[in-house]
Amino acid sequence: MRRVEVTPYNEQWVQMYEEEAEKLRRIFGRQLIAIHHIGSTAVPGLDAKPIIDIMPVVRDSHNIDSYIQGKETLVKEIEQRALEWHWKNHKS
């Protein structure tokens, strides 16, 4: 069974969301209708899994891959930043 980690609220989650949301705005451009910070990290003061959940809303989801140039690079960057944040905040 996989262990779920819940941490105290971190005010940096808002900034982390904004940074990732800006990347998605650049990727999707005019295709993006809205973008939302969802999940437990979006609730001020709430203990949460330290994962920033983002929900982009796009005009047409049928051809979404055509809007994402270098999506593998973006995913790798997001994963790397998540790992760095985890190790920085969970030192022994």
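Above: the structure in question.
What you are looking at is a predicted structure, and each value in this text was computed from that prediction instead of being measured.

*Asks:* Please explain a nonpolar patch on the surface as it appears in this structure.
*Replies:* On the surface, Ile33, Ile38, Met55 and Val57 cluster together to form a nonpolar patch covering roughly 300 Å² of accessible area. Contributing elements (two or more residues each) for the nonpolar patch: strand E1 (32-38) and strand E2 (53-58). With respect to the secondary-structure elements, Met55 resides in strand E2.

*Asks:* I'm lost on the nonpolar core in this one. Help?
*Replies:* Taken as a class, soluble globular proteins show a tendency for nonpolar side chains to be buried jointly. Core analysis: the biggest nonpolar cluster contains 7 residues, these being Tyr17, Ala21, Leu24, Phe28, Leu32, Ile35 and Val58. For this core, the secondary structure elements donating two or more residues are helix H1 (12-28) and E1. Broken down by element, this core gets its largest block of residues, 4 residues, from H1. Apart from residues lying up to four places away in sequence, Leu32 is in contact with Arg25, Pro56, Val57 and Val58.

*Asks:* For this particular structure, what's the right way to read the pattern of salt bridges?
*Replies:* Pairs can form between side chains of opposite charge once their charged atoms are near each other. All told, the structure shown has 2 salt bridges when counted by the stated rule. Between Glu20 and Lys23 there is a salt bridge, and its shortest N-O distance comes to 3.5 Å. Taken together, the residues span about one helical turn, with Glu20 and Lys23 both in helix H1 at a distance of 3 residues. Residue Lys23 is classed as buried on the basis of its relative accessible area, which comes to 10%. The partner of Glu22 in a salt bridge is Arg25, with the nearest N and O atoms 3.5 Å apart. Of this pair, Glu22 and Arg25 both sit in helix H1, 3 residues apart, roughly one helical turn.

Thresholds applied
- Numbering of residues starts from 1 in each chain and follows the order in which that chain's sequence is written.
- Given that the model is predicted, a residue must reach a pLDDT of at least 70 before its local features are reported, and side-chain atom pairs must reach 80 or more before they are shown or counted; all residues, however, enter totals for whole chains, interfaces and linings.
- The side-chain figures draw on all heavy atoms in the structure; neither hydrogens nor water molecules are used.
- Residues enter patches when their relative accessible area tops 30% and they take part in no salt bridge; the joining distance is 9 Å for like charges and 5 Å for the nonpolar side chains Val, Leu, Ile, Met, Phe, Trp and Tyr.
- Accessible surface is estimated by sampling points in the Shrake-Rupley manner with a 1.4 Å probe; for residues, cover comes only from the protein chains shown.
- The salt bridge definition used is simple: a Lys or Arg side-chain nitrogen within 4 Å of an Asp or Glu carboxyl oxygen.
- Numbering goes from the N terminus for both helices and strands, where a helix is a DSSP run of H or I of at least four residues and a strand is a run of E of at least two.
- What we call a nonpolar core is a set of buried Ala, Val, Leu, Ile, Met, Phe, Trp, Tyr and Cys residues that are connected through their side-chain atoms within 4.5 Å.
- Under the scheme applied here, a residue whose accessible area is under 20% of the maximum for its type counts as buried, over 50% as exposed, and between as partly exposed, the area being computed with a 1.4 Å probe on protein chains only.
- Contacts are residue-level and defined by heavy atoms, with any inter-residue pair within 4.5 Å sufficient.

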